[in-house]
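Here's the letter readout for the chains.
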Amino acid sequence: MNGEHKITGGHRARTAVVYLRQSTLMQVREHTESTLRQYALAGTAVALGWAARDVEVIDRDLGLSGTSAAHRQGFRELMSRVCLGEIGAVLGLEISRLGRSNADLARLAEMARLTDTLLIDADGVYDLTDFNDWLVLGLKSTMSQAELHIMAGRLQAAKRAAAERGELRAPLPVGLVYDDGGMVVTDPDAEVRAAVADIFACFLAAGSAYGVVAAFAGRKFPQRAYGGAWAGQLRWSPLTHHRVLQVLKNPAYAGAYVYGRCVTRKKIDADGNVRTVTADLPRAQWPVLIKDHHPGYVTWEEYLAIEARLAANHTGGGGRPVREGTALCQGIIICGGCGGPMAANYHGDDRASYECHSHRDGKKTPGCRSITAHAVDDAVAGALLAALTPEQVALALAAAGEVTSQHQRTSRAAELAVERARYEADRAERAFSQVEPENRLVARTLEARWEAKLAAFADAEQALAAAQDALPPLPDRASLEKLAADLPALWHAPTTTPRDRKRLLRTLIADVTLLPEANRAKARIGIRWHTGAADEIVIDRPRPTGVPAPTPSPATGLIRELGPVTSNTDLVTLLAQRGYLTGAGRPFDIKAIQWVRHAYQIPSPSPCRGTEISVAEAARRLGCSPGVVYYWTETGQLDARRSPGGRLCIPWTPATEADCRARITSSGHLNPAARRTRPTQHR
Ligand SMILES: [Zn+2]
């Protein structure tokens, strides 16, 4: 070996270390040649005169990537042992590549120089105390970096050129495969195709990725493994939200060839380690996009529509998707005062209101208002139903087509599962029939497998039968047409969910604005249609809850006349007999009468009997506050009876009155004159 004379007895007395490094697990798995050569270095060390027991192999860094030494335990161990001076020589396949970066190698070389450690590779022995060797190693290290850079550059350029022609092969998402000619085609497996197509169909129906997950409950989704022990195999697993998004966002399903959809960036984390993160690029920045490159599952236009829908669902990005609540204009109503979105707030028993939340940001303007949701909703729904008339039938027929195809999809998936189970059972049977009878152990295993496959087949058939039974019968076309002709009934039907109504609303109406209105009893609502047309509706603003509608005068007159001497219960009966209704059109109840009493200051009849008087009356006669009288009754100084209505009735006699007056006279607190008669204290 070149420079073998540089090895002295002093070096051989210390340990020789073979340092192994291979970046990724794939390199370890596929470049076995290199790994073998690295292990063979131990033999080289022995040939150079080290005793076999003094040769150590550090291979902890096999399969670890990273351009710094931070994660590589083996390299750290190597460095510390070199520093301690216990190592005579470090052997590597190519010393200039020992460390992944120049900085790592420079540190190793510096330590090796100080501790007189040799570095040995296929080219020879480097004694770093020798200036020539130091210089050569430095040069080689620089050149290897340059080589990496140039090679990477060439590879990237070649890759990019191939990508621009749409010929760079990348792993395809499930549902697409390369045919023998290298062209991208849809998967020949009908079950896989159906599963992928169903994701798109379910998204169209449900409108959200979570909706797709729900629709796939109990059903599995295929995944093709790349690399590793399962390479190329199809595996079925439950569908997750993340996978749905991956499928929906992948332009390959729209038949487009894309290169550079993601970029990797280096980041330094809090511990100072370099990490590589992957980020999606916005569509406008994709370096290569070739439309109509191969057959897809959706058209490019559909892909764009899905993208827009996903963005609208993304509340973190400002989207306001349809929610479950009853407030129809949720998500599309805007405050005309400040221009901000209005939130739909629910106040128990489903009464909602639209409220402008700009005051939170300090942007509230005098025009900002809140309004009861049903007032706006009724007006907007009215406008929508009026606008829908000419399109009734077309809409219903489109809906019918959608329902039928959805119906077929459900059972089609189960049918395909049965077919697959039958195929697998057949295959297990073939395998069993082909085994030699003498080979009993194998035959037993294969028989068990066949039985298992037969059981799975039976299960799949049962699932198919169940799926077909579970389907509700489809309404016939005539009844659908009849239904469509009466859209208002469909709109108000209890089976129509608020979500359905909101989706329908949003297909035609872009947004609704609560316009500023000087008259506080009115509300002005602006409707902007997707067509660009705009409507304005003025409605009566509903009174705030709690304020009764004005009661018609005959009923009021009766309550005014009889109220002071008639109890509320009797008034209810009386008003009902005469057929009087409240301003809101409901029969009078106790609460309504209390409101009228409150509004017109009509006193209730006194519950007191005979000589009894009320607290207010007693206070008036004594010239004190009612609180004093209440205090006496509570402390037992004055007798009182509580009426069924909860009011106090005080039996009043001249003696009682005299007692009370005496109490007032003696109380310094109540009687200022009494206070003055007290002796004043003088110093
Ligand atoms: Zn506002």
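Quick summary incoming for the structure in this document. (Residues numbered from 1 in each chain as written. Predicted model: local features only at pLDDT ≥ 70, side-chain atom pairs only at ≥ 80, totals over all residues. Heavy atoms only, no water.)

1. Let's talk about the overall build of the protein
Here's step 1: Counting secondary structure elements, the protein contains 23 helices and 23 strands.
Here's step 2: Evaluated residue by residue, the protein yields a buried proportion of 36% over its 683 residues.
Here's step 3: Relative to all contacts within the protein whose residues are 6 or more apart in sequence, the contacts with residues 24 or more apart total 59%. (Helix = DSSP H or I, 4+ residues; strand = E, 2+ residues; numbered from the N terminus. Buried < 20%, exposed > 50% of the residue type's maximum accessible area, 1.4 Å probe, protein only. Contact = heavy atoms within 4.5 Å.)

2. Section: the sheet that holds strand β18 (residues 509-515)
Here's step 1: Overall, mixed pairing links the four strands, which are arranged β14-β18-β19-β20 in an open sheet. Single-partner strands in this sheet number two, and they are β14 (333-335) and β20 (534-540). Adjacent strand axes in the sheet meet at a mean angle of 25° when their direction is disregarded.
Here's step 2: Alignment of β14 against β18, held across three bridges, turns out to be parallel. The residue of β18 that forms the bridge with Cys335 is Leu514.
Here's step 3: Docked against the sheet, helix α16 (residues 498-508) engages β18 and β19 (522-529), running at close to 90° with respect to β18. (Pairing = 2+ DSSP bridges. Axes fitted to C-alpha atoms, helices over the stretch in contact; angles between N-to-C directions.)

3. As for a nonpolar patch on the surface
Here's step 1: Residues Phe131, Leu135 and Leu139 make up a contiguous nonpolar surface patch of roughly 320 Å² in combined accessible area.
Here's step 2: Inspection of the secondary structure puts Phe131 in helix α6 (residues 131-164). (Patch = residues over 30% accessible without salt bridge, like charges linked within 9 Å, V, L, I, M, F, W, Y side chains within 5 Å. Areas by Shrake-Rupley, 256 points an atom, 1.4 Å probe, with all protein chains shown as cover. Salt bridge = Lys/Arg side-chain N within 4 Å of Asp/Glu carboxyl O.)

4. Describing the pairing of strand β12 (residues 274-280)
Here's step 1: Of the pairings in the sheet, the one linking strand β11 (residues 262-268) to β12 comprises seven bridges and is antiparallel in character. Looking at the pairing, Lys267 lines up with Arg275 of β12.
Here's step 2: Taking the residues between adjacent antiparallel strands as the criterion, β11 and β12 are bridged by five residues, where Gly272 takes a positive phi near 85°.

5. Points about the coordination of the zinc ion
Here's step 1: The coordination sphere of the zinc ion contains the protein donors Cys335 (SG), Cys338 (SG), Cys356 (SG) and Cys368 (SG), at a distance range of 2.2 to 2.3 Å.
Here's step 2: Given four donor atoms and angles of 102 to 114° at the metal, the environment of the zinc ion is assigned as tetrahedral. (Donors = N, O, S within 2.8 Å, 3.2 Å for Na, K, Ca; no water. Tetrahedral: all angles 85-135°; square planar, octahedral: opposite > 155°, others 65-115°.)

6. Quick notes on the sheet that holds strand β16 (residues 352-356)
Here's step 1: The antiparallel open sheet is built from three strands, whose spatial order is β15-β16-β17. Each end of this open sheet is capped by a strand with a single partner; those strands are β15 (342-346) and β17 (371-372).
Here's step 2: Pairing between β15 and β16: five bridges, direction antiparallel. What sits directly across from Ala344, in β16, is Tyr354.

7. Considering unusual backbone geometry
Here's step 1: Backbone geometry at Asp116 places phi at a positive 55°, although glycine is not the residue there.
Here's step 2: By relative accessible area, Asp116 is classed as partly exposed at 32%.
Here's step 3: The backbone of Asp292 sits at a positive phi, close to 55°, despite the residue not being glycine.
Here's step 4: With respect to the helices and strands, Asp292 occurs in the loop between β13 (288-290) and α10 (300-313).

8. Observations concerning the packing of aromatic side chains
Here's step 1: For the structure shown, the criterion picks out six aromatic pairs.
Here's step 2: Considering the side-chain rings of Phe216 and Phe221, the 6.2 Å spacing of their centres and the 75° angle between planes classify their relative orientation as edge-to-face. The burial state of Phe216 is the same as that of Phe221; both residues are buried.
Here's step 3: Among the aromatic residues, those joined into a ring-pair cluster are Phe200, Tyr253 and Tyr297.
Here's step 4: The residue whose ring lies beneath Arg169 is Tyr178, and the NZ or CZ to ring-centre distance is 3.8 Å.
Here's step 5: In this structure, Arg420 packs its charged tip against the face of Trp236, placed 4.6 Å from the ring centre. (Phe/Tyr/Trp six-rings, centres within 6.5 Å; stacked < 30°, edge-to-face > 60°. Lys NZ or Arg CZ within 6 Å of the ring centre and 35° of its normal.)

9. Overview of empty space enclosed by the protein
Here's step 1: Taken as a whole and assessed by the stated rule, the structure comprises one cavity of 30 Å³ or more.
Here's step 2: Its boundaries defined by the atoms lining it, the largest cavity holds a volume of some 40 Å³.
Here's step 3: Forming the walls of the largest cavity are Arg369, Leu514, Leu515, Pro516, Glu517, Lys522, Ala523, Arg524 and Arg541.
Here's step 4: Counting residues per element, the ones that place at least two in the lining of the largest cavity are β18 and β19.
Here's step 5: Top contributing element to the lining of the largest cavity by residue count: β19, with three residues.
Here's step 6: Each residue belonging to the lining of the largest cavity can be placed in one class, and the counts come to four nonpolar, no polar and five charged. (1 Å grid on protein atoms, 1.4 Å probe; cavity = no way out; pocket = protein on both sides within 12 Å on 5 of 7 lines; lining within 4 Å. Points joined across faces, edges and corners; volume = space filled by probe spheres on them. Nonpolar A, V, L, I, M, F, W, Y, C, P; charged D, E, K, R; others polar.)

10. Observations concerning helix α21 (residues 626-634)
Here's step 1: The complete set of buried residues in α21 reads Val628, Val629, Trp632 and Thr633. Looking down the long axis of α21, one finds its buried residues gathered within 135° of arc, a one-sided arrangement. Facing away from the buried side of α21 by over 90 degrees, the exposed positions are Tyr631 and Glu634.
Here's step 2: Once α21 finishes, Gly636 follows within two positions and takes phi at roughly 80°, a positive value. (Arc of directions from axis to C-beta.)

11. A short note on the pattern of salt bridges
Here's step 1: Inspection of the entire model under this criterion finds 23 salt bridges.
Here's step 2: Close ionic contact of Asp133 with Lys6 constitutes a salt bridge, the shortest N to O distance being 2.7 Å. Of this pair, Asp133 sits in helix α6 while Lys6 sits in the segment before α1 (9-13), placing them 127 residues apart in sequence.
Here's step 3: Between Arg165 and Glu167 there is a salt bridge; the shortest N-O distance is 3.0 Å. As far as the burial class goes, Arg165 and Glu167 line up, both exposed.
Here's step 4: Members of the salt-bridge network, linked through shared partners, are Glu56, Glu77, Arg81 and Glu86.

12. Here's the deal with the side chain of His294
Here's step 1: As for its placement among the helices and strands, His294 is situated in the loop between β13 and α10.
Here's step 2: For His294, the side chain forms a polar contact with the side chain of His293, separated by 2.9 Å.
Here's step 3: With near-sequence residues (within four places) excluded, His294 lies in contact with Leu176, Val184, Ala252, Gly255 and Ala256. (Polar contact = N/O pair within 3.5 Å; in protein donor to acceptor, adjacent residues only side chain to side chain.)

13. Here's the deal with the environment of Gly88
Here's step 1: Along the chain, Gly88 falls in strand β3 (residues 87-91).
Here's step 2: Gly88 sits in the buried class, given a relative accessible area of 0%.
Here's step 3: A sequence separation of 74 residues divides Gly88 from Arg14, and the C-alpha atoms of the two residues are 4.7 Å apart.
Here's step 4: Not counting residues within four places of it along the chain, the set of residues in contact with Gly88 comprises His11, Arg14, Thr15, Trp50, Asp116, Thr117 and Leu118.

14. Focus: the packing of helix α7 (residues 190-206) against helix α9 (residues 241-249)
When two helices pack together, their arrangement is given by the angle between the helix axes and the distance between those axes.
Here's step 1: Following both chains from N to C, one finds α7 and α9 inclined at 95°, their axes separated by 10 Å at the closest point. Taken together, the axis directions place α7 and α9 in an arrangement best described as roughly perpendicular. When α7 is examined against α9, the residues Ile199, Phe200 and Phe203 are found in contact with a partner set consisting of Val244, Val247 and Leu248. (Parallel < 35°, antiparallel > 145°, perpendicular 65-115°, else oblique.)

15. Some details on the side chain of Glu191
Here's step 1: Summarising the element assignment, Glu191 is placed in helix α7.
Here's step 2: On the basis of relative accessibility, which here comes to 10%, the residue Glu191 falls in the buried class.
Here's step 3: What Glu191 contacts, discounting residues up to four positions off in sequence, is Trp236, Leu416, Ala417 and Arg420.

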